[in-house]
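Now for the letters of each chain:
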Amino acid sequence: HFAYPLIVRSSTTVEDSGDSFAGLFLSTICQNQADLFNAIDDVLDSSSSDEVVQYCKFKKIEHSSIRTAVLIQEYIRPDCSGVLFTKQPLLNDDSVIYIEYKEMTSDVVTSGLAIPHSMVIQKSKSMPYNMLFDSLKNIALSAEKAFGYPIDMEWIYSNNKVWIVQIRPITT
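Below is a short write-up of the structure. A quick note: this is a predicted structure, and the numbers were derived from the prediction, not measured.

### Quick notes on the sheet that holds strand β3 (residues 68-74)
Read from one edge of the open sheet, three strands run β2-β1-β3, paired in antiparallel fashion. Single-partner strands in this sheet number two, and they are β2 (28-30) and β3. Adjacent strand axes in the sheet meet at a mean angle of 35°, parallel and antiparallel pairs treated alike. The sheet strands contacting helix α1 (residues 33-45) are β1 (6-12), β2 and β3, and the helix crosses β1 at an angle near 25°.

### Re the sheet that holds strand β5 (residues 96-102)
Read across the open sheet, the five strands follow the order β6-β5-β4-β7-β8; overall the sheet is antiparallel. Every other strand in the sheet has two partners, leaving β6 (117-122) and β8 (161-169) as the edge strands with one partner each. Strand-to-strand twist of the sheet, defined as the mean angle between neighbouring strand axes without regard to direction, takes the value 20°. Relative to β8, strand β7 (residues 151-158) is paired through eight bridges, and the arrangement is antiparallel. From the neighbouring strand, Trp 155 faces β8, where its bridge partner is Ile 164.

### Details of the packing of aromatic side chains
Counted according to the given criterion, the structure contains three aromatic pairs. Here the aromatic rings of Phe 147 and Tyr 149 are separated by 5.8 Å at their centres, their planes lie at 35°, and the arrangement is tilted. Look at Phe 147 and you get partly exposed, because its relative accessible area is 42%. The positively charged end of Lys 161 is found above the aromatic ring belonging to Trp 163, 4.3 Å away from the centroid.

### A short note on the pairing of β5
Among the seven residues of β5, six are classified as buried, and the element is accordingly described as predominantly covered. Pairing geometry for β5 and β6, over six bridges, is antiparallel. Bridge pairing in β6 links Ile 97 to Ile 121.

### Examining the pattern of salt bridges
All chains considered together, the criterion is met by four salt bridges. Ionic pairing is found between Lys 123 and Glu 144, a salt bridge with its closest N-O pair at 3.2 Å. Here the residue Lys 123 occupies a position in the loop between β6 and α4 (131-147), and Glu 144 occupies one in helix α4, the gap between them amounting to 21 residues. Across the pair, exposure class does not vary: Lys 123 and Glu 144 are buried alike. The salt bridge involving Arg 168 is made with Asp 152; its shortest N-O contact spans 3.9 Å. Of this pair, Arg 168 sits in strand β8 while Asp 152 is found in strand β7, placing the two residues 16 residues apart along the sequence. Owing to a relative accessible area of 9%, Arg 168 belongs among the buried residues under this scheme. Beyond isolated ion pairs, a larger network of salt bridges with shared partners links Arg 9, Asp 152, Glu 154 and Arg 168.

### Quick notes on a nonpolar patch on the surface
Side chains of Ile 139, Phe 147, Tyr 149, Ile 164 and Ile 167 sit close together on the surface and give an oily, nonpolar patch of about 380 Å² of accessible area. Listing elements by their share of the nonpolar patch, those giving two or more residues are α4 and β8. Of note, Ile 164 is situated in strand β8.

Conventions used here
Residues numbered from 1 in each chain as written. Predicted model: local features only at pLDDT ≥ 70, side-chain atom pairs only at ≥ 80, totals over all residues. Heavy atoms only, no water. Pairing = 2+ DSSP bridges. Helix = DSSP H or I, 4+ residues; strand = E, 2+ residues; numbered from the N terminus. Axes fitted to C-alpha atoms, helices over the stretch in contact; angles between N-to-C directions. Contact = heavy atoms within 4.5 Å. Phe/Tyr/Trp six-rings, centres within 6.5 Å; stacked < 30°, edge-to-face > 60°. Buried < 20%, exposed > 50% of the residue type's maximum accessible area, 1.4 Å probe, protein only. Lys NZ or Arg CZ within 6 Å of the ring centre and 35° of its normal. Salt bridge = Lys/Arg side-chain N within 4 Å of Asp/Glu carboxyl O. Patch = residues over 30% accessible without salt bridge, like charges linked within 9 Å, V, L, I, M, F, W, Y side chains within 5 Å. Areas by Shrake-Rupley, 256 points an atom, 1.4 Å probe, with all protein chains shown as cover.

Encoded structure:
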């Protein structure tokens, strides 16, 4: 038995392949059991969208090789959410953590539908004046150490608690 609302998300064989598919696969909020199967179908169908097919052609990836699974998670209404990189992806700077965030769901940030706030944090410095960003930094550095490579981490902040939604290698 699920507690609604739920978030129905994709997990595909190409999302963490080294090519960024950020924002191309559907995630959707499901309000009740009657909508759950439609939400699952919509998420599965998103792997065949025109955008995904065109991106595969551009990246020379065989579209028919994509396999899609569905993740169903509790929907957490965010006070703030975003994405964090344990190295600045555009400058390839691994001495900093780069964070993009907005006072809304993280998919709005990752899909490019909103202009996020951004912040750069030195890995070697503490941020006691901002407990959220200091907590995010500490979680991210622990995850980077555990995985052994720089990470891309989606997160939600709700009711004074940090929730990690997804961690993967940096592909941008």
